[in-house]
Structure formats: C-alpha cells, structure tokens
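Report on the structure
These are the residues of each chain, in order.
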Amino acid sequence: MDADRYDNMAELLDEQVGYYRAVAAEYEDHLLPFPGGAELSAAIEEFRPTGSVLELACGPGTWTPQLIRHATDVTAVDASPEMLAIASARLGEEGVRFMAADLFQWQPDRRYDVVFFGFWLSHVPPDHFESFWSLVANCLKPDGRVLFVDDWYRTAAELIEGERSSTIRRRLADGTAYRIVKVPHRPEDLERALDRIGWRIEVHSTAGPFFWGAGSRASN
Ligand SMILES: C[S@@+](CC[C@H](N)C(=O)[O-])C[C@H]1O[C@@H](n2cnc3c(N)ncnc32)[C@H](O)[C@@H]1O
C-alpha cells in the first residue's frame, strides 16, 4: 500500500520519528557507501548559504557546520531530541538555535534568507509534498533561496510494500524494524513537480544515488 493511502498516516510518521530517535546513536554506521557525497558539499559551497539560515531535519548536524561557515545565524529543527543532543554536543550552541519540532505540525516564528534540508525531502510522504513546500515558502523571506540534498536509494529488502510504495522498512543494528517513508525522487521528475507548484528549482544528479536542488519561488 502506498504511504498516500496508508490507513493511519500519523502512525507511520510517528514510527518514522521513532526510527530516527532510536538510530541516532548509530546513525553514522548507516551512511550510504556510494560516491557523490563530495559533490553535495561542493554544491553547498557554490550555493553559499549566507544570511539567516533555517535547517530542517538537521539530524546529528551532518551539514550544519558547513551552513554555519557561511551564515550569520542558523536555526536547526528536528523531531528527535537524541539527534539534537548529538548535534549540539558537536557544534555547541553558539550561532545555532536548536529546536525540537515535528515538521508536519510546526510553523516558523520568523522568516529566513535560506532554507536548507539534507536527506529529508525523500522522507516526506507524497501527499504531504505540497504542504511541505508551503511550509518552506512560509519560512522564506520574499527573495529567499532554498537548497536541498538527498538520495533515491532503497534496497530490495526495504521494499516491504513493493517498488511503487513509498513505505519501506529500515532496521537498527540490533534488527529492530521500523516503517518509514522513502520516496525515490528522480531529479527530472522532481524538478517538474516543483515547477507545477510554483518553484523554480534546478535539481542535479551526482555520481551516485544522490542529488541536490537549488532555487527559489518562481515569482521571485
Ligand atoms: C535521514 S535523517 C537526515 C539528517 C541530516 N539532515 C543528514 O543529512 O544527515 C532524517 C531526519 O529527519 C528527522 N525527522 C524525522 N521525522 C521528522 C519530523 N516529523 N519532523 C522533524 N524531523 C523529523 C529525523 O529525526 C532525522 O534527523
């Protein structure tokens, strides 16, 4: 069954948060063994996320140091207190405002020059895609910019509901299983989907299963 038609979407999204809370301590052991990661860092450098930056689903602060290097201030939001604890232990609080929040409920208290999200868009269910991008729009100043990095990789073992479903199963190192959302966006389709909802974003592939996108509202 597709996540769109999941009987209880809230339950699936809670399970997804549960997975990330539980995996936080071993997150680095699950990194994808593919080339292309360096191209994502290069894309961030080229984009130059200057000004006030909002990072959605920051996790353990994988990309936050790179954002801090360019930004005047960074607000980093994630639903997992365990991820946020790792991120703040790594980075300290200086220059970063950490916030624990569920992005499917949260609304910003101010607007930003840049919104960034790493390996998050693929965890947004298809029927939340448009509302998620409305949230991004609400987070941005009128001339604000958006940058994201992500991947489309799913293993055959993860596809418990078949290739066409966006619900997959992930396991912790101890074998505990969780259902999460993983949408295998393809860059050209994603670019078209974003264009249809009013964004001008170029989406680029890298050497491996990674991709990145940068742009702004089409009306800018
Ligand atoms: C794949 S990790 C990406 C972490 C980091 N951005 C990176 O690139 O390594 C997805 C992140 O989304 C967070 N997350 C999952 N569901 C969420 C939700 N509903 N609201 C906010 N964050 C959520 C998880 O806690 C996790 O840190």
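For the structure, check the block above.
First, a word on what this report is: a plain description of the structure on this page. The structure displayed is predicted, hence computed values, not measured ones.

**A short note on helix H5 (residues 129–139)**
All of the buried residues along H5 are Trp133, Leu135, Val136 and Cys139. One side of H5 carries all its buried residues, which in axial view fall inside an arc of 150°. Exposed residues lying more than 90 degrees from the buried face of H5 are Ser131, Ser134 and Asn138. Buried residues along H5 sit in contact with strand E1 (51–56), strand E4 (112–118), strand E5 (140–151) and strand E8 (199–205).

**Here's the deal with the pairing of E5**
Across the 12 residues that make up E5, a large majority, nine, are buried. In the sheet, E4 pairs with E5 via six bridges, with the strands oriented parallel. Across the sheet, Phe116 pairs through a bridge with Leu147, a residue of E5. One crossover worth recording links E4 to the parallel E5 by way of H5, and it is right-handed. Of the strand pairs in this sheet, E5 and strand E9 (residues 210–217) are connected by six bridges, and their pairing is antiparallel. For Leu147, the partnering residue across the bridge sits in E9 and is Ala214.

Calculation criteria
Residues numbered from 1 in each chain as written. Predicted model: local features only at pLDDT ≥ 70, side-chain atom pairs only at ≥ 80, totals over all residues. Buried ≥ 20, exposed ≤ 12 C-beta atoms within 10 Å, placed from the backbone. Helix = DSSP H or I, 4+ residues; strand = E, 2+ residues; numbered from the N terminus. Arc of directions from axis to C-beta. Contact = placed C-beta atoms within 7 Å. Pairing = 2+ DSSP bridges. Right-handed = clockwise from strand over helix to strand, strands pointing away.

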